[in-house]
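Structure at a glance
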Amino acid sequence: MQTPQELELDQDREELQSYLLDHPDDFVTHILQFNEMLARYRAASQEITTKLEILRNDFNTRQYRNPIESIQTRIKRPASIVGKMKARGMDITLESIEKELNDIAGIRVVCSFIDDIYMVAEKLLAQDDLRLIRVKDYIKNPKPNGYRSYHMVVEVPVFFLDSKQPMRVEIQLRTVAMDFWASLEHEMKYKKQIKNSAVISEELRRCAETIAETDEKMLELRRQIEAE
Ligand code: GTP
Ligand code: MG
């Protein structure tokens, strides 16, 4: 038995569906399709997050150590999606958005030590349903401003009601220390929209270097302790 509210909802749904069939180019149709697209990226993000959590738990059980401190996910905001497409001079259609953007679904994995980053990346990529699309190793090759992180774009198949779709997800792996620098630098650079002077930029780059040295030192210390 359906409640009166449920009956009403069903009627709404039917009305909406017949409206959409009659008006395929209506903006409501586009909004719904856009939302469906975002939901597919959310599902892809869930697939990867689950893989990461399974790896974390397995490692933790066997080595009594946490290689992953935190996992954050975000779906790109509609305004950012549109802004990026415009900046690249691309048409704004669902098809072109999906083809052009690799980072609609973004996952940030904050690791404890530098070697954890490479271990997690390797164990993910060893999984035969994942396809590597692109890697940018800003740890081996830091950006001129000092930014360090390991970026990968992967493609994961996701099973929906009536289809299986390969979805792309951007994964950023970094240590707690790299995350500390990147968060503060982002805060200062983007949010306040301040044009950094050359002196400040140089200071920031030096901070990144000091942090990188500390990361190396911490790894060395952990290895010494493990060898004892
Ligand atoms: P965009 O996403 O358009 O930047 O192009 P891309 O995917 O080629 O860029 P890239 O892989 O170099 O970096 C994408 C993401 O990494 C950004 O959205 C940020 O989250 C992060 N990132 C890159 N460079 C910096 C930086 O200098 N500072 C900080 N804080 N984050 C950065
Ligand atoms: Mg990006």
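Residues numbered from 1 in each chain as written. Chains lettered and ligands numbered in written order. Predicted model: local features only at pLDDT ≥ 70, side-chain atom pairs only at ≥ 80, totals over all residues. Heavy atoms only, no water.

If you look the chain up in an unreviewed UniProt entry, it shows as GTP pyrophosphokinase family protein from Hydrogeniiclostridium mannosilyticum.

**With respect to the sheet that holds strand β1 (residues 68-75)**
Across the sheet, which stays open at both edges, the 5 strands sit in the order β1-β2-β5-β4-β3 with mixed pairing between neighbours. Two strands close off the open sheet at either side, each with one partner strand: β1 and β3 (131-137). For this sheet, the mean inter-axis angle between neighbouring strands, taken without regard to orientation, is 25°. Two strands pair when backbone bridges link them, and β3 and strand β4 (residues 150-159) are joined in this way by 6 bridges, in the antiparallel orientation. Note on β4: the bridge partner recorded for leucine 132 is valine 154. Strand contacts of helix α2 (residues 27-63): β1, β2 (105-111), β4 and β5 (164-175), with the helix running at about 175° to β1, the strand carrying the most contacts. (Pairing = 2+ DSSP bridges. Helix = DSSP H or I, 4+ residues; strand = E, 2+ residues; numbered from the N terminus. Axes fitted to C-alpha atoms, helices over the stretch in contact; angles between N-to-C directions. Contact = heavy atoms within 4.5 Å.)

**Examining the nonpolar core**
Formed by 37 residues in total, the largest nonpolar core has its most connected members in Ile48, Val169, Ile171 and Leu173. Broken down by secondary-structure element, the contributors of at least two residues to this core are α2, α3 (78-87), β2, α5 (114-125), β4 and β5. It is α2 that contributes the most residues to this core, 8 residues altogether. Here isoleucine 171 is in contact with Ile48, Ile107, Val109, Leu124, Tyr150, His151, Met152 and Val154, once residues within four sequence places are set aside. Among the nonpolar cores identified, the runner-up in size contains 7 residues, and Tyr147, Ala182, Leu204 and Ile211 belong to it. (Core = buried A, V, L, I, M, F, W, Y, C linked by side-chain atoms within 4.5 Å. Buried < 20%, exposed > 50% of the residue type's maximum accessible area, 1.4 Å probe, protein only.)

**Thoughts on the site of ligand 1**
Residues in close proximity to ligand 1 total 17 residues, the closest being Lys136, Tyr138, Lys143, Asn145 and Glu185. Taking histidine 151, its side chain carries an N or O atom lying 3.0 Å from an oxygen atom of ligand 1. Within the backbone of alanine 182, a nitrogen or oxygen atom sits 3.0 Å from a nitrogen atom of ligand 1. With the chains in place, 75% of the 620 Å² that ligand 1 exposes on its own is no longer accessible. Elements with a contribution of two residues or more to the shell around ligand 1: β3, β5 and α6 (176-191). It is α6 that contributes the most residues to the shell around ligand 1, 4 residues altogether. Looking at side-chain class alone, the shell around ligand 1 contains 3 nonpolar, 4 polar and 10 charged residues. (Near = heavy atom within 4 Å. Polar contact = N/O pair within 3.5 Å; in protein donor to acceptor, adjacent residues only side chain to side chain. Areas by Shrake-Rupley, 256 points an atom, 1.4 Å probe, with all protein chains shown as cover. Nonpolar A, V, L, I, M, F, W, Y, C, P; charged D, E, K, R; others polar.)

**Some details on the packing of α5 against helix α7 (residues 198-227)**
α7 packs onto α5 with a crossing angle of 85° between their chain directions and a minimal axis gap of 8 Å. Looking at the two axes, α5 sits roughly perpendicular to α7. Along the contact surface, α5 presents Ile114, Asp115 and Asp116, while α7 presents Asp215, Glu216, Leu219, Arg222 and Arg223. (Parallel < 35°, antiparallel > 145°, perpendicular 65-115°, else oblique.)

**Section: the environment of isoleucine 114**
With respect to the secondary-structure elements, isoleucine 114 resides in helix α5. Sequence separation of isoleucine 114 and proline 67 is 47 residues, and the distance between their C-alpha atoms is 9.5 Å. Residue contacts for isoleucine 114: discarding those within four places in its chain leaves Ile139, Thr175, Met178, Asp215, Glu216 and Leu219.

**Comments concerning a negative patch on the surface**
Where like charges cluster on the molecular surface, the negative patch consists of Glu8, Asp12, Glu14 and Glu15. Position of aspartate 12 among the secondary structure elements: in helix α1 (residues 4-22). Of the residues examined, aspartate 12 reaches a relative accessible area of 44% and is grouped as partly exposed. (Patch = residues over 30% accessible without salt bridge, like charges linked within 9 Å, V, L, I, M, F, W, Y side chains within 5 Å. Salt bridge = Lys/Arg side-chain N within 4 Å of Asp/Glu carboxyl O. Lys, Arg positive; Asp, Glu negative; His and termini not counted. Charge placed at Lys NZ, Arg CZ, Asp CG, Glu CD.)

**A word on the environment of leucine 55**
Position of leucine 55 among the secondary structure elements: in helix α2. Considered as a pair, leucine 55 and phenylalanine 160 are 105 residues apart in the sequence and their alpha carbons are 24 Å apart. Contact partners of leucine 55, with chain neighbours within four places excluded, come to Val120, Lys123, Leu124 and Gln127.

**Remarks on the environment of aspartate 116**
Looking at the element boundaries, aspartate 116 is found in helix α5. If sequence neighbours within four positions are ignored, aspartate 116 has contacts with Arg65, Asn66, Pro67, Cys111 and Arg222.

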